[in-house]
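So the chains spell out like this:
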Amino acid sequence: MKMEYILIKKNKTKMIKNKDENIIVIPSSPLQLIEKNFDKVKVNKISNEDEETLRSNWDGTFSVNDTEISFSIKQYSKHKLSYLSIYTKVNNIDNMESIDEKINKIMGKSYIVITSYDCISELYCNKIYKKLNNFERKLKELIFDIYTFSYGINYYDRNFSDELKSKVKKSRDKSISTDTKDIEQLKQSLYELDYNDIMELLFTPKWLLDDEKDKFDLIEKIDKLSSKELRDCIENIKPKSDWDRLFLPQIGEIPNIEELIDELRKLRNKVAHCKFFRKEHYEECLELLKILNKHINKALKIVMNIDFQELNAQYASNELYIALETLQESLSAMSKNITNMMTESFKNLTANITLPITDMLKKFKENILLPSVNYKYTDFKYKRIKGIKKFGNKKFIKKRNKM
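First, a word on scope: everything that follows refers to the structure included in this document. (Residues numbered from 1 in each chain as written. Predicted model: local features only at pLDDT ≥ 70, side-chain atom pairs only at ≥ 80, totals over all residues. Heavy atoms only, no water.)

### Some points on unusual backbone geometry
Its identity is not glycine, yet Asn256 carries a phi of approximately 55°, on the positive side. Within the chain, Cys274 stands out as a residue other than glycine whose phi angle is a positive 55°. Within the secondary structure layout, Cys274 lies in the loop between α11 (257–272) and α12 (279–367). On the accessibility criterion, Cys274 (70% relative accessible area) is exposed. (Helix = DSSP H or I, 4+ residues; strand = E, 2+ residues; numbered from the N terminus. Buried < 20%, exposed > 50% of the residue type's maximum accessible area, 1.4 Å probe, protein only.)

### Regarding the side chain of Ser72
Residue position: Ser72 is located in strand β6 (residues 67–76). Beyond its immediate chain neighbours, meaning those up to four positions away, Ser72 contacts Trp58, Asp59, Tyr83, Leu84, Ser85 and Tyr87. (Contact = heavy atoms within 4.5 Å.)

### Examining the packing of aromatic side chains
For the coordinates displayed, the defined rule picks out twelve aromatic pairs. With a centroid separation of 5.9 Å and 85° between ring planes, the pair formed by Tyr76 and Tyr83 is classed as edge-to-face. Since its relative accessible area comes to 24%, Tyr76 is described here as partly exposed. For Tyr83, a relative accessible area of 35% puts it in the partly exposed group. For the ring pair Tyr124 and Tyr282, a centre distance of 5.2 Å and an interplane angle of 40° mean the geometry is tilted. Of this pair, Tyr124 sits in helix α3 (residues 119–151) while Tyr282 sits in helix α12, and the two are 158 residues apart along the sequence. Of note, Lys2 hangs over the ring of Tyr117, and the distance from its end group to the ring centre comes to 4.9 Å. It is Lys102 that lies over the ring of Phe38; its NZ or CZ is 5.0 Å from the centre. (Phe/Tyr/Trp six-rings, centres within 6.5 Å; stacked < 30°, edge-to-face > 60°. Lys NZ or Arg CZ within 6 Å of the ring centre and 35° of its normal.)

### A closer look at a positive patch on the surface
Together, Lys127, Lys130, Lys131 and Lys279 give the surface a local cluster of positive charge. Residue contributions to the positive patch peak at three residues, all from α3. Residue placement: Lys279 occurs in helix α12. (Patch = residues over 30% accessible without salt bridge, like charges linked within 9 Å, V, L, I, M, F, W, Y side chains within 5 Å. Areas by Shrake-Rupley, 256 points an atom, 1.4 Å probe, with all protein chains shown as cover. Salt bridge = Lys/Arg side-chain N within 4 Å of Asp/Glu carboxyl O. Lys, Arg positive; Asp, Glu negative; His and termini not counted. Charge placed at Lys NZ, Arg CZ, Asp CG, Glu CD.)

### Considerations on the pairing of β6
Across a regular strand the side chains alternate sides, sitting on one face of the sheet and then on the other. By the bridge criterion, seven bridges tie β6 to strand β7 (residues 81–87) in an arrangement that is antiparallel. Across the sheet, residue Gln75 finds its bridge partner in β7, namely Ser82. The loop that links β6 with its antiparallel partner β7 comprises four residues; one of these, His79, has a positive phi angle of about 60°. (Pairing = 2+ DSSP bridges.)

### Quick notes on the packing of α3 against helix α10 (residues 242–251)
Across the interface, α3 lies against α10 with an axial gap of 11 Å and an inter-helix angle of 95°. Here α10 runs roughly perpendicular to α3, going by the angle between their axes. Where α3 abuts α10, its residues Leu142, Ile143, Ile146, Tyr147, Ser150 and Tyr151 lie against Asp242, Arg245, Leu246, Phe247, Gln250 and Ile251. Residue composition of the contact of α3 with α10, grouped by class: eight nonpolar, two polar and two charged. (Axes fitted to C-alpha atoms, helices over the stretch in contact; angles between N-to-C directions. Parallel < 35°, antiparallel > 145°, perpendicular 65-115°, else oblique. Nonpolar A, V, L, I, M, F, W, Y, C, P; charged D, E, K, R; others polar.)

### A short note on the pattern of salt bridges
According to the stated counting rule, one finds twelve salt bridges in the structure shown. Across the pair Lys167 and Asp194 runs a salt bridge, and its minimum N-O distance is 3.3 Å. With Lys167 in helix α5 (residues 162–171) and Asp194 in the loop between α6 (181–188) and α7 (195–203), this residue pair connects regions lying 27 residues apart in the sequence. Judged by its relative accessible area of 28%, Lys167 falls in the partly exposed class.

Pasting the structure below:
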């Protein structure tokens, strides 16, 4: 572990005034300050390579909590600069934090202390980065899930502002592209956004086509609503953030979600840009991640196991209702058309066949039916037709026998 400092001597000189003379107090050198403030200091002077430029070159050791710490000092006349290095092979963050605090305290009175290499921040950044990485990926997973389920392939066009679309187009990773440009924008859209972009996407109120539709729906049913219902509808028709519009109905209220993500954003930027990131920042970040992970994990579980199924059933029901309504209208129109077609066809058919049948019946009556015949009882005889005895009427037979 190592810490590197640049020490620039301050311009002001401390003066003590008495009755007879002014006394100028020359500040202690960095080496003198180390010797005065650390334990078991051992110093070795290294021979100067350039006497005109390099005033002194020192290295040595001191002790902190029974651990030997090495240091080196290079002091230059030019710009009144000193370079101080602190390093140890023992990875003890507590010791390095203690040394850093003391260096800034004892040197800060006479020198501007610039930390040029910060192993303390490096250690805490490395410790927190994996956790930040994990949370950011889960947050983007949740956003992808909600957006695609709400709008499908249209989520990118509907929800991304022109500025965000422009950023995605410019920054998308072409090295992993496997599809067309438009499809890659859909696939990579959220990966190209930083926390500022995500917050703009989620929490900036906007007016969408859905709001325009709600407005016209309200106009159509305005006469049927009570005063309270009308006020509620009007209050609801306004620009909304995507969080309020899409996320809140599905995953419920997350207290101070925007503020929590914004605080995490600030700390995450310290990590991403290698800024000062000390123990207090690390602990604050852990606390934020603990709260946010709890809510995001719960939200992911809800949307994948409960609400998506309910929404899917509701969507399927609505789609079926619309389909059945459309089918009913189509069948009604079709039925009417078929009825009209059948009636017209029947008229044409009967017109064509009625006349021939009428003529045929007339001819049948004239040519086929025999004239009327008056039969006498005496003309009745038993007849055998092809071996079958045919009998006359019983009353007629009895009358004939009496005769």
